[in-house]
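Coordinate analysis (summary)
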Amino acid sequence: MTQSAETIVQQMCDEATRRGASFADARAVETVADSVLVQDTRANKLFSSAGFGMCVRVLVDHCWGFASTDTVSRAGAEACLDEALSLARASARFVEERVEITTPQPYVDSVRSVGRLMPEEMPAAEKVRRVIEFEAAGRSAAEGRIVNSIVSYSDGRQVETLANTLGTRIRTETCRSVLAAQMVVSDGNQLQRAVEHRAIVGGPELLLDTSADALSVRAARKAVDLLSARKCPAGNFTVIFHPSITGLLVHEALGHNAEADAVWAGQSLLEGRMGQQLAAEAVTIVDDSTIPGAYGSFRYDSEGTPSSRRVIIERGRLVSLLHSLETAARFAVAPNGCARADGYDSKPIVRMSNTFMERGSVPFEEMIRGIERGIYLQDGHWGYVFVQKGQFICHAGRANMIEHGRIGEPLRDVSISSLTLDTLRNIDAVGDDFEMEMPGTCGKDGQGAPTDAGGPHVRVRDIVVGGHEA
């Protein structure tokens, strides 16, 4: 497959140039994936999939044309090219805002990021057996209160072959795997849920290297503890974010706003704010796809631009955005490797990778000291951001009261909401610790991309906490 794909994508780029494209790229993508799900003692889902296809993107008369096919053959590729050229030329009559791109430097490379074991090196039966063991351990740890238990595992391998008309030739092979446990418990009056997950660039070694205590048992015990936790008070509080909540903030509230296509479209609160002081001086926020082994890392994006470390906020000031070739030209800056596509049938769009706040200098104990009544938020699992309005909502899986400078009783059912820039300005302490353990898949425009997020503990003044008691 590999040599044939390399030949075909190269041929399509050569042919696109002969037929009048000012720029073109072609990608062939092969994916193989397996997944296992065990629910309530039953291994009821074992799924295997494979995909193989390619796409061609052309720039003609300053308009894009894009087409894809679920085969990699000369005939299929030529049909793709025909359609892409036709779409670009048809668009030229209607598109008012003409496309310009920053001319990329060509790269020739072969990249392999696969871990210790390839997915096929562990039989499916062994994967199922190990997932069953995780689920059983979680149920056992739930003290007879379990009402629903789910443990899932998936792994996959992707090979992407990319060529463009400027001489880029890149083959990238990547394996990723994900292991997750969700435990739901009840005391007869309420249900509580807790989740733990792990994800790596690698294969089924994740099943070997993860203990039940660190995954399903931990999730079960957290869920049980929540049954006796107090309902969260409502109101405005000084809060301390665990690194997982900090990660949610920088990803959901700031990261999506820093994607340059959103800024260009007038859908970001960062529009027109370059160089302005938007956060406390202690705050530096980075998106870095070069971190070895991090779940959101990659060597080249789907346009063939090398990955990089991108400082978005430096000492509180907005200094850069995340770019593709097209947005970089629009903003008159260098591309920084943020255009990724989810498979052969998707166009590259601007995406985050590993987004985090850099550590500061304040010890955790010092943050708590002096807070008479506040809340310590932990277990950031999901959030939502209204990008244009600059508003965000974040749910914490666990929390604790802070009273008289000490960690107090546990809380449940905790959410916070605020304006993004207000929150960043109201950060008055950034911790001297750091954690980035939020690997997952970020969705945008119907596409998913592997990402991670994190940071240190941070203290924020005057956050609205949604709870059940005043």
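First, a word on what this report is: a plain description of the structure on this page. Residue numbers run consecutively from 1 along every chain, following the written order of its sequence. Owing to the predicted nature of the model, reporting of local features is limited to residues with pLDDT of at least 70; listing and counting of side-chain atom pairs is limited to 80 or more, with chain, interface and lining totals taken over all residues. Each side-chain value is worked out from all heavy atoms of the structure, with water and hydrogens disregarded.

We now examine the pattern of salt bridges. When a carboxyl oxygen of Asp or Glu lies within 4 Å of a side-chain nitrogen of Lys or Arg, that pair is called a salt bridge. A complete count under the given rule lists 35 salt bridges for this structure. Between Lys 127 and Asp 34 there is a salt bridge, with its nearest N and O atoms 3.6 Å apart. Residue Lys 127 is found in helix H3 (residues 124-141), and its partner Asp 34 is found in strand E1 (residues 23-39); the two are separated by 93 residues along the sequence. Classification of residues uses two cut-offs on accessible area relative to the type maximum, computed with a 1.4 Å probe and protein chains only: under 20% is buried, over 50% is exposed, and between them is partly exposed. Of the residues examined, Lys 127 reaches a relative accessible area of 3% and is grouped as buried. Of the charged contacts, one joins Glu 126 and Arg 130 as a salt bridge, the two residues approaching to 2.8 Å between their closest N and O atoms. Separated by four residues within a single helix, Glu 126 and Arg 130 lie in helix H3, roughly one turn from each other. Via salt bridges that share partners, Glu 196, Arg 198, Arg 218, Lys 222, Asp 379 and Arg 398 belong to a single interconnected network. Each helix corresponds to a stretch of at least 4 residues labelled H or I by DSSP, and each strand to a stretch of at least 2 residues labelled E; elements are numbered beginning at the N terminus.

Here the focus is the nonpolar core. Formed by 50 residues in total, the largest nonpolar core has its most connected members in Ile 375 and Leu 377. The element that contributes the greatest number of residues to this core is helix H6 (residues 243-255), accounting for six residues. Not counting chain neighbours up to four residues away, the residues in contact with Ile 375 comprise Cys 232, Pro 233, Phe 237, Thr 238, Val 239, Ile 240, Ala 399, Asn 400, Met 401, Ile 402, Leu 411 and Val 465. Nonpolar cores are built from buried Ala, Val, Leu, Ile, Met, Phe, Trp, Tyr and Cys residues. Side-chain atoms within 4.5 Å join them into one set. Counting 25 residues, the second largest nonpolar core, distinct from the first, contains Met 122, Val 131, Ala 194 and Leu 227. What makes two residues a contact is simply this: any of their non-hydrogen atoms within 4.5 Å.

Through backbone hydrogen bonds, the strands of a sheet pair up, either in parallel or in antiparallel fashion. Spatially, E12-E11-E10-E15-E22-E21 is the arrangement adopted by the six strands of the open sheet, whose pairing is mixed. What marks the edges here is a single partner per strand, and that holds for strand E12 (317-318) and strand E21 (440-444). Here, any two strands with at least 2 DSSP bridges between them count as paired. One ladder, built from four bridges, connects strand E10 (residues 285-288) with strand E11 (residues 309-314); its direction is antiparallel. Within E11, the residue paired with Val 286 across the bridge is Val 311.

Attention shifts here to the pairing of strand E17 (residues 391-403). The pairing of E17 with strand E19 (residues 414-419) spans six bridges and is antiparallel. Within the sheet, the bridge partner assigned to Cys 394 lies in E19 and is Ile 416. Between E17 and strand E18 (residues 406-412), which pair antiparallel in sequence order, lie two residues; one of them, His 404, sits at a positive phi of approximately 55 degrees.

This paragraph deals with the packing of aromatic side chains. Note on aromatic contacts: the rings of Phe and Tyr and the six-membered ring of Trp form a pair at centre separations within 6.5 Å, being stacked when their planes are under 30 degrees apart, edge-to-face when over 60 apart, and tilted otherwise. Per the counting criterion, the structure on display carries four aromatic pairs. Ring geometry for Phe 23 versus Trp 64: centroids 6.4 Å apart, planes at 75 degrees, classification edge-to-face. Residue Phe 23 is found in strand E1, and its partner Trp 64 is found in strand E3 (residues 63-69); the two are separated by 41 residues along the sequence. Judged by relative accessible area, Phe 23 falls into the buried class, the value being 2%. Geometrically, a lysine NZ or arginine CZ counts as sitting over a ring once it is within 6 Å of the ring centre and also within 35 degrees of the ring normal. Residue placement shows Arg 57 over the ring face of Trp 64; its charged tip is 4.2 Å from the ring centre. Note that Arg 176 overlies the ring of Tyr 295, its terminal NZ or CZ placed 5.4 Å from the centroid.

Once that is clear, we can look at the pairing of E11. Pairing geometry for E11 and E12, over two bridges, is antiparallel. When the bridges of E12 are listed, Ile 313 appears paired with Leu 318. The antiparallel pairing of E11 with E12 creates a hairpin that spans two residues between the two strands, and Arg 315 there sits at a positive phi of about 50 degrees.

Its 13 residues place the ends of H6 only 16 Å apart at the C-alpha level, less than the 18 Å of an ideal helix rising 1.5 Å per residue. Among the 13 residues of H6, 13 are classified as buried, and the element is accordingly described as predominantly covered. The span one expects for a helix is its residue count, reduced by one, times 1.5 Å.

Turning to unusual backbone geometry, a few remarks are in order. For Asp 61, which is not a glycine, the phi torsion comes out positive at approximately 50 degrees. Looking at the element boundaries, Asp 61 is found in the loop between strand E2 (42-60) and E3. The phi dihedral of His 404 is positive, around 55 degrees, even though this residue is not glycine. With respect to the secondary-structure elements, His 404 resides in the loop between E17 and E18.

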